Amino acid sequence: MTMSPHVILRVVSKVLIPFIVVFGFYVHFHGEYSPGGGFQAGVILASAVILYALIFGVDAARRAVPPAVVRVGFALGAMLYAGVGFATLLLGGDFLDYDVLHPDLSHHTGQHMGIILIEIGVLVTVTCVMIAIFYAFAGRTPEISEEDW
Amino acid sequence: MIQTVDLTQYFDYVFMAMLLSVGIAVVRLRSLFAAVMLTGVYSLLSAVWFVSLDAVDVAFTEAAVGAGISTVLLLGAMLLTSRECNPVPASRHWAALAVVVVAGALLFYALGDMPVYGDPNSPANAYVGMEYMTMTVDDIAIPNVVTAVLSSYRGFDTMGEVFVVFAAGLGVALLLGLGGAAGKRED
């Protein structure tokens, strides 16, 4: 195998991608204290996969994050969100009224549980949809030729 | 009497001037690659401007979605389009200019009704917004009011947003496919 012309890009992105993923999770789980939440974290996680696809090729990215997983993921996140709503309905509250999720009202545990659950739903859907749109486009795009770099 | 001058407004003017010049550059450029990259720069500049306006959550989203994902998707779209096109006749330029001038004039006309920036009595700050600020501590007990509004008070709206994103993904997957399973079956 000949030396890749983008050695620096490969090395740097290999180092960066784990940090991007950790930062994405930080933004997600720190959303109650600082700016951020499921939407932003989802885009950051997706961008880690997209960076991997840009540098190492779309096929390698499809092996790491298979399209079947992505396809199931974006439905699963939306279902989790709506599911929390229906759970609160079944527990006797209003739609998405998280207070009924947990009896400990003085510490607002139900609210916190509800917010964490729906944010996970947002995270999963946004991450998977962003990756799916990229896969759909990238599947039709020829490899970026040298003159376009 | 010491008059306090809000210096951040000058930053805002600088950012708006930069946005305007990047916008003009995007229109004038003939290289698609440079134009796509400059739209990313435009998003990044507006994100910085939003930070200066204290809208950090919006800035974060703009930086991640506008400067990040959109730029990548535009690059993908750029590689699929042709590199040449027929010149647009001058008459259409004038029509476009007329639309832009009329829309711009209407926006400036409406500007008179806008509250002053940072006005505590503006509708956005006075009614339900202030209620959320005071009630979040008692209702939900998390420090970030934006998260409280997004996911609890207005959880139903956010669910709608998630379903919009879901519908976008579904539409793209149905129209273009994800390019995974189809290739596998053929081998």
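Residues numbered from 1 in each chain as written. Chains lettered and ligands numbered in written order. Predicted model: local features only at pLDDT ≥ 70, side-chain atom pairs only at ≥ 80, totals over all residues. Heavy atoms only, no water.

A. Structural detail: the overall build of chain B. Summing up its helical and strand segments, chain B has nine helices and zero strands in all. Its helices and strands taken in sequence order, chain B reads α-α-α-α-α-α-α-α-α from the N to the C terminus. Here the C-alpha radius of gyration of chain B, 22 Å, is well above what a compact globule of 187 residues would show, namely 16 Å. When the backbone C-alpha atoms are referred to their principal axes, chain B occupies close to 70 × 50 × 25 Å. Counting over 187 residues, chain B shows a buried share of 26%. Taking contacts inside chain B between residues at least 6 apart in sequence as the whole, the part at least 24 apart equals 39%. Of the accessible surface of chain B, which amounts to about 12,800 Å², a share of 70% is contributed by carbon and sulfur atoms. Taking the 7 positively charged and 15 negatively charged side chains of chain B as two groups, their mean positions are separated by 22 Å. (Helix = DSSP H or I, 4+ residues; strand = E, 2+ residues; numbered from the N terminus. Rg over C-alpha atoms; globule rule 2.2 N^0.38 Å. Buried < 20%, exposed > 50% of the residue type's maximum accessible area, 1.4 Å probe, protein only. Contact = heavy atoms within 4.5 Å. Areas by Shrake-Rupley, 256 points an atom, 1.4 Å probe, with all protein chains shown as cover. Lys, Arg positive; Asp, Glu negative; His and termini not counted. Charge placed at Lys NZ, Arg CZ, Asp CG, Glu CD.)

B. Quick peek at the pattern of salt bridges. Within the structure shown, the criterion is met by one salt bridge over all chains. R154 of chain B is the salt-bridge partner of D157 of chain B, the closest N and O atoms lying 3.8 Å from each other. (Salt bridge = Lys/Arg side-chain N within 4 Å of Asp/Glu carboxyl O.)

C. The environment of L178 of chain B, seen in detail. You can see L178 of chain B is positioned in the loop between α8 (155–176) and α9 (181–186). Those residues in contact with L178 of chain B that lie beyond four places of it in its chain are R62, P67, R71, A132 and Y135 of chain A together with A173 of chain B.

D. How the structure looks around unusual backbone geometry. Residues and elements named next belong to chain B. Non-glycine residue D54 carries a positive phi angle of around 65°. Here D54 shows up in the loop between α2 (32–52) and α3 (56–80). Accessibility expressed as a relative area gives 67% for D54, which makes it exposed.

E. Representation of the packing of helix α5 (residues 109–138) of chain A against α8 of chain B within the structure. Axis separation between α5 of chain A and α8 of chain B bottoms out at 9 Å; the angle between their running directions is 25°. Considered as vectors, α5 of chain A and α8 of chain B are oriented roughly parallel to each other. Like other packed secondary-structure pairs, α5 of chain A and α8 of chain B cross with a definite hand, here left-handed. Two secondary-structure elements touch here, α5 of chain A through V122, T125, V126, V129, I133 and A136 of chain A and α8 of chain B through V162, V165, F166, G169, V172 and L176 of chain B. (Axes fitted to C-alpha atoms, helices over the stretch in contact; angles between N-to-C directions. Parallel < 35°, antiparallel > 145°, perpendicular 65-115°, else oblique. Left-handed = near helix turned anticlockwise from the far one by under 90°.)

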